[in-house]
Amino acid sequence: MRDHLVEQDDLFHHELLEAGRWVTTDFHALPYTATLKEAAEFFLSAKQNEVAIVDQHQRYLGELSVAMVMKAAVQGVSLEETIEQYYDSSVKPLAYNEILSDISLMSKTSVPVVDRDNVLIGMLTKNNIQDGFSQIYQKLQLLENTAEWFHVSFDNIYEGIVVVDEHGYVKMINKAYSSYLGVERDWAIGQHIINVIDATRLHIVLQTGIPEHNQVQFLKGQEVVAHRIPIWKNNKIIGGIGILVFRGVSELYHIFDKIQELHNQTGLKTLSIVQPKPKEEPITFNDVIGESKSIIHSKNMARRAAASPATILITGESGVGKEIFTKAIHSISSYKDGPFISVNCSSIPEQLLESELFGYEEGAFTGSRKKGKPGKFLLAHKGTIFLDEIGDMPLEMQAKILRVLQEREVEPVGATKPISVDFRLIAATNRPLHEMVEENKFREDLYYRLNVIPIYIPPLRERKEDIPLLIGHYMKSICQKHHIPIKDISKETVMAMMNYEWKGNIRELVNALERLITLVDGNCIYYDDFKRYFLDSNLPKEKIEANLQDTANKISNLNSLEKVKQNHEKELYLRIIQEENGNKTKAANRLGISRATLYNKLKGFKNEVYKKIDNRIKD
Ligand SMILES: Nc1ncnc2c1ncn2[C@@H]1O[C@H](COP(=O)(O)OP(=O)(O)OP(=O)(O)O)[C@@H](O)[C@H]1O
C-alpha cells in the first residue's frame, strides 16, 4: 500500500471541450498587405469562398470573401490595390476556450479561432466539431464504465473505506464502514469526520500530511486497525483516506502486536498468547523509509544486488543511509544467517588496521596481549563484512584488501598459512573514488573489484517527498524510545522541514527531531518550536543546561571511544619499543612517525602506563 496518495490526473478535462483543441492548424490566411489580384488568385486555387486576414504578427484582423473581391472589381477598382480597404473587420473570430457545444457554424464551412493574444491559431470546421464530440462521447463511456467498476469494488471490499476532503468532511464512505459504524451512508456524507467516527485522527493526518499505518483504534467496543493516508496534489493536501482493516493474516499479527503494546502501555492484564520475538530485530528494507522515485530505484537495485554474492559499492553523502541499506541487503541475502561485521576504516589508526582486519596469531606480538585475535574478515565468515569509509583506507592496506578479495583467504599477522574465508563484502564511501583513482589516491584495481554492483543513494534534498514519511516514522520511534506519548507535528513544521536543506541528510533530520521532541513541552511540535530550537538555536537557559548535559554525555562517549583508540595505540607502542629494546629512534622509524611525535604520544599516555613503558626505554 502506498504511504500517501497523489490524485491521478483527471480522465476528463474541461479543456477537452474547448474549440482550440480541435481546430485545423493546416490553413491559409492572407496578410492585409496582399493585393486584390493575389486574393482572387488565392480563391481560385484554394477553392474556398472566405479567407482570414492577419497582420505581420499573425493577429486576426477580419475576413475577406470572394463576393467582396468581385464587388471591388465591378466598381472598377484596380486589382493592384491592397485588400486593406475591402475585408470585413466586423467578422469576429472564436476564442480558443469557447466550448464546442456552444458553437454554431451556421452556413459557414469554417470559422477562425484565436488565442488570448488574438493570434490566429486555426480554423474550426464542421468536421472538427463532429470529431470532438465523438471522442468526448467515447471518453465519457470509458469514464462511466470506470466509475461503475469503482463503485462495485468500493462497496464490495471487505475493509471499511472513508474519503474526506481537505477540511475533513466526508465525501465517500463504503458499505462495510457505514454498516460497521451503524450509520446511514446518506447521512454520513457531508458530515465532518469527527461526527462520524469516534476518536478518529483522519483530520489530524490532514493537518500533518503524515500517513499513519496500523494504528489500533477503539471503535464500537472493539479494537481495530486503521490506516490514515493523506492525498496530495500539487504539493497541497486535498483530502484523506481512512481504511479500517477487519481481516488478513498479516494484519491480524499487526493487530495482535498493537493490542499487546497497548495493553502493556496501559497496564492492562496482558493477553494470554505471547508472540515470541527475536531479541534484536534485524534491519530490513521495511526499515528503509522512502517512496520517492530515486529511493525506490536504489532499493530495487539493492534488492537485486542482495540476490547475488557479488561485491557491492554504496556511494552517497554522509547520513543518507549507506549503513542501513547494507544491513537491509544482508537481511535478505544468502549470508543472512551469518554475522554482520561493520568496520569503519577511518576510525581505526593506520598502524592497527591490519591486525583489526586480519587478526594476529598467538605469540605474534611480544606485547601485553599474548593471545591471538581473529580479524574482522574471519569474524565475518559466512556473513557480510561492511567496510565503511573505504575511501579513507591507506594505499598499503588497499593492496591487502585486494588480495583477500582475489584469493578469498586471510593471513593473520604472525600466521604461517592463510585461512580461507567466505564472506560478502559491501563497501561504502562518501568520497569520489573514481576521481581518487585518477589522482592515484585509490587503487584502480581495487576500485573495479569493489564496484561490481554500484548503488547510489541520493541526498535528502533530492527526495524531499520522503521527508514527511521519515518524520512520521521517527516521531513515533523517538517518542517510544523516550517512553513518552507520541507527539504530533504541525503541517507548517513539516513543510518547513521539507524546505530545509538537510546537509547532514537523514542523520541530521533524525537528530533535529530528537532534539525537538525532547525540548518541546506540549504534545505538538509547531513551526515556532522548529524555528526556536532548531533554526535559531536560541535556547532558554534551562534548555541550554539540558543540552549541555546532553553534549557532556556525548563527549564522555567520545572520550571512551578515544580511550579505546589510545589503548590500541599504547599496545602497539609498547610492543614496538620492546622489540627495539627501548630504542626510541628505531621504534619511531618502524612506526613511521618522527621521534618528537613518539615522545609526545608517550607523554600523552596515562602516568601508570607511561611508567610501565618507561622502564623499558633506553635513550
Ligand atoms: N531511508 C531511511 N529510513 C530510515 N532511517 C534512515 C534512512 N536512511 C538513513 N536513516 C537513518 O539515518 C541515520 C544515518 O544513516 P546511515 O548511518 O545508514 O548513513 P550513512 O550514509 O552510512 O552515513 P555515513 O556516511 O556518515 O556513515 C541512521 O540513524 C539511519 O538509521
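Values in this document were obtained by computation on a predicted structure and should not be read as measured data.

S.K.: What's the story with the overall build of the protein in this structure? I'm lost.
M.R.: Scanning the protein from terminus to terminus reveals 23 helices and 23 strands. Out of the 619 residues in the protein, the part that is buried amounts to 26%. In the protein, of all internal contacts separated by at least 6 residues, the share reaching a separation of at least 24 is 65%.

S.K.: I would appreciate a short explanation of the environment of Glu-98 in the present structure.
M.R.: Mapped onto the fold, Glu-98 is located in the loop between strand S5 (94-95) and strand S6 (110-114). Residue classification places Glu-98 among the partly exposed positions, given that 17 C-beta atoms sit within 10 Å. Considering only alpha carbons, one finds Glu-98 and Glu-15, 83 residues apart in sequence, at a separation of 9.6 Å.

S.K.: I tried to follow the sheet that holds strand S7 (residues 120-125) on my own but got confused; where do I start?
M.R.: Strand pairing in a sheet relies on backbone hydrogen bonds, with the paired strands running either antiparallel or parallel. Taken in spatial order, the three strands line up as S5-S6-S7 in an open sheet, and their pairing is mixed. Two strands lie at the open edges of the sheet, namely S5 and S7, each paired on one side alone. With two bridges connecting them, S5 and S6 associate as parallel partners. Bridge pairing in S6 links Ala-95 to Val-114.

S.K.: In this structure, what is going on with the sheet that holds strand S14 (residues 340-344)? I would like to understand it.
M.R.: Pairing within the open sheet is parallel, and its five strands lie in the order S14-S17-S20-S13-S21. Edge strands, defined here as strands with exactly one partner in the open sheet, are S14 and strand S21 (453-456). Adjacent strand axes in the sheet meet at a mean angle of 20°, parallel and antiparallel pairs treated alike. Summarising the sheet, S14 and strand S17 (residues 383-388) pair through five bridges and their orientation is parallel.

S.K.: Honestly, the site of the ligand in this entry has me stumped. Any pointers?
M.R.: In the region of the ligand, 16 residues are neighbours, and Ile-289, Ser-318, Gly-321, Lys-322 and Glu-323 sit closest. Among the secondary structure elements, those contributing two or more residues to the shell around the ligand are helix H10 (322-332) and helix H18 (505-519). Across the shell around the ligand, the residue classes tally to six nonpolar, six polar and four charged. Looking at which domains feed residues into the shell around the ligand, each of domain 3 (286-458) and domain 4 (461-538) gives three or more.

S.K.: What is the right way to read helix H19 (residues 527-535) from this model?
M.R.: An α-helix turns once every 3.6 residues. As a result, residues three or four positions apart point the same way. Those residues of H19 not exposed but buried are Phe-530, Tyr-533 and Phe-534. Relative to the axis of H19, the buried residues are bounded by an arc of 95° and lie together on one face. Along H19, the residues that are exposed and aim more than 90 degrees away from the buried face are Asp-528 and Leu-535. The inward-facing, buried residues of H19 abut helix H17 (491-499), H18 and strand S23 (524-525).

S.K.: I'm lost on the confidence of the model for the protein in this one. Help?
M.R.: Should the pLDDT be low somewhere, the predicted coordinates at that spot are not to be read in detail. A residue-level look at the protein finds 82% of positions with pLDDT of 70 or above and a mean pLDDT of 80. What the predictor reports for the complex is a pTM of 0.51 with an ipTM of 0.98.

S.K.: Hey, could you run me through helix H16 (residues 467-481) in this one?
M.R.: Between the first and last C-alpha of H16 there are 20 Å, a value that for 15 residues agrees with the 21 Å anticipated at 1.5 Å per step. Burial in H16 covers these residues: Ile-467, Pro-468, Leu-470, Ile-471, Gly-472, His-473, Tyr-474 and Met-475. Just beyond H16, the residue with positive phi is His-483, at close to 55°.

S.K.: Honestly, the pairing of strand S13 (residues 312-315) in this entry has me stumped. Any pointers?
M.R.: Each regular strand displays side chains that alternate between the two surfaces of the sheet. Here S13 shows a buried face lined by Ile-312 and Ile-314 and a second buried face lined by Leu-313 and Thr-315. Across four bridges, the pairing between S13 and strand S20 (residues 423-429) is parallel. Among the inter-strand pairings, Ile-312 is bridged to a residue of S20, identified as Ile-426. As paired elements, S13 and S21 share four bridges and run parallel to each other. Paired with Ile-312 across the two strands is Ile-453, which belongs to S21.

S.K.: How should I be thinking about the packing of H18 against H19 in this particular structure?
M.R.: Relative placement of two packed helices is described by the angle separating their axes and the distance separating the axes. The interhelical angle for the contact between H18 and H19, taken along N-to-C directions, is 115°, at an axis separation of 10 Å. On the basis of the axis angle, H18 is roughly perpendicular to H19. Where H18 crosses over H19, the two elements pack in a sense that is right-handed. When H18 is examined against H19, the residues Ala-512, Arg-515, Leu-516 and Leu-519 are found in contact with a partner set consisting of Asp-529, Phe-530, Tyr-533 and Phe-534. Among the residues making up the contact of H18 with H19, the classes are represented as six nonpolar, no polar and two charged.

S.K.: Whenever I open this one, the environment of Leu-105 confuses me. Can you help?
M.R.: Note on placement: Leu-105 falls in the loop between S5 and S6. By C-beta crowding, Leu-105 is classed as partly exposed, having 14 other C-beta atoms within 10 Å. In sequence terms Leu-105 and Lys-126 are 21 residues apart; their C-alpha atoms lie 7.2 Å from each other. With near-sequence residues (within four places) excluded, Leu-105 lies in contact with Val-111 and Lys-126.

S.K.: I keep staring at unusual backbone geometry and nothing clicks. Help me out?
M.R.: For residues other than glycine, phi is negative in most cases, and the peptide bonds are mostly trans. The backbone of Lys-47 sits at a positive phi, close to 50°, despite the residue not being glycine. Position of Lys-47 among the secondary structure elements: in the loop between helix H1 (36-46) and strand S3 (50-54). On the basis of neighbour counts, which here come to 6 C-beta atoms within 10 Å, the residue Lys-47 falls in the exposed class. In the Ramachandran plot, Asn-118 falls in the positive-phi region, its phi being about 70° despite a non-glycine side chain. With respect to the secondary-structure elements, Asn-118 resides in the loop between S6 and S7.

How each quantity is defined
Residues numbered from 1 in each chain as written. Predicted model: local features only at pLDDT ≥ 70, side-chain atom pairs only at ≥ 80, totals over all residues. Helix = DSSP H or I, 4+ residues; strand = E, 2+ residues; numbered from the N terminus. Buried ≥ 20, exposed ≤ 12 C-beta atoms within 10 Å, placed from the backbone. Contact = placed C-beta atoms within 7 Å. Pairing = 2+ DSSP bridges. Axes fitted to C-alpha atoms, helices over the stretch in contact; angles between N-to-C directions. Near = placed C-beta within 6 Å. Nonpolar A, V, L, I, M, F, W, Y, C, P; charged D, E, K, R; others polar. Domains from an automatic or database assignment. Arc of directions from axis to C-beta. pLDDT = per-residue confidence, 0-100. Expected span 1.5 Å × (residues − 1). Parallel < 35°, antiparallel > 145°, perpendicular 65-115°, else oblique. Left-handed = near helix turned anticlockwise from the far one by under 90°.

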